[in-house]
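# A closer look at the structure
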Amino acid sequence: RLSYRTKEWDPDMLQYLKKLQEKKPVVWTGDLNVAILDIDVHSPKTNKKTAGFTDEERAEFRKVLNDEKFIDSFRKLHADEKNCYTYWGYRQNMREKDKGWRLDYFLVSEKANDKIVDSYILKSVQGSDHCPIGIILNK
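Residues numbered from 1 in each chain as written. Predicted model: local features only at pLDDT ≥ 70, side-chain atom pairs only at ≥ 80, totals over all residues. Heavy atoms only, no water.

Further remarks concern the sheet that holds strand β3 (residues 104-109). Spatial ordering of the open sheet is given by β1-β3-β2, a layout of three strands whose pairing is antiparallel. A single partner strand is all that each edge strand has here, and the edge strands are β1 (27-31) and β2 (70-72). Put simply, the sheet's adjacent strands are angled 25 degrees from each other on average, direction ignored. In terms of strand pairing, β1 meets β3 through five bridges, oriented antiparallel. Looking across to β3, one finds that Trp 28 is bridged to Leu 107. (Pairing = 2+ DSSP bridges. Helix = DSSP H or I, 4+ residues; strand = E, 2+ residues; numbered from the N terminus. Axes fitted to C-alpha atoms, helices over the stretch in contact; angles between N-to-C directions.)

This structure, assessed with the given rule, holds eight salt bridges. Between Asp 10 and Arg 5 there is a salt bridge whose closest N-O contact spans 3.2 Å. Per residue, the accessibility class of Asp 10 equals that of Arg 5, and both read buried. In this structure, Asp 40 engages Arg 102 in a salt bridge whose closest nitrogen and oxygen atoms are separated by 2.9 Å. Of this pair, Asp 40 sits in the loop between β1 and α2 (55-67) while Arg 102 is found in the loop between α4 (94-97) and β3, placing the two residues 62 residues apart along the sequence. For the residue pair Asp 40 and Arg 102, the accessibility class agrees, reading buried in each case. (Salt bridge = Lys/Arg side-chain N within 4 Å of Asp/Glu carboxyl O. Buried < 20%, exposed > 50% of the residue type's maximum accessible area, 1.4 Å probe, protein only.)

Summed over the entire model, instances satisfying the criterion amount to five aromatic pairs. Ring plane angle 70 degrees and centroid distance 6.1 Å describe the contact between Trp 28 and Phe 70, whose orientation is recorded as edge-to-face. Of this pair, Trp 28 sits in strand β1 while Phe 70 sits in strand β2, and the two are 42 residues apart along the sequence. Take Phe 70: its relative accessible area is 6%, and that puts it in the buried class. Each residue in the set Trp 9, Trp 28, Phe 61, Phe 70 and Tyr 105 is aromatic and connected to the rest through ring pairs, giving one cluster. (Phe/Tyr/Trp six-rings, centres within 6.5 Å; stacked < 30°, edge-to-face > 60°.)

What follows is about the packing of helix α1 (residues 2-23) against α2. Across the interface, α1 lies against α2 with an axial gap of 10 Å and an inter-helix angle of 5 degrees. By the angle between their directions, the pair α1 and α2 is classed as roughly parallel. Residues Leu 2, Arg 5, Thr 6, Asp 10, Leu 14 and Leu 17 of α1 lie in contact with α2, whose contacting residues are Glu 56, Glu 57, Glu 60, Phe 61, Val 64 and Asp 67. (Parallel < 35°, antiparallel > 145°, perpendicular 65-115°, else oblique. Contact = heavy atoms within 4.5 Å.)

As structure tokens, then:
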């Protein structure tokens, strides 16, 4: 699915976001299945070829962020903070060991960058392999 992600899905999403941003600032949120930075993965060196962290996926995803000028709201406020994961695999008790990935985002149009008040991860909330994330924006 790597080829589909990088050659079809990401470019299609880029086009869709361009159209949306012509009308108004956009907040793009969800499980985007890619970890942007090395600190977004518990073990970046051993995961370089793992889905969600391949060089190809990260490069294409950065294009979407850079070309459409989206701000990763969490990293804007917590630039170097480590162990900020939103997903943990069920195998080998990864959540209990806090060996996770940050795959869930609130990406905000650069036009609304000044509206970001807070962006946070609710790690303690159980219920699935992901945890909730939140954002506070000014009007």
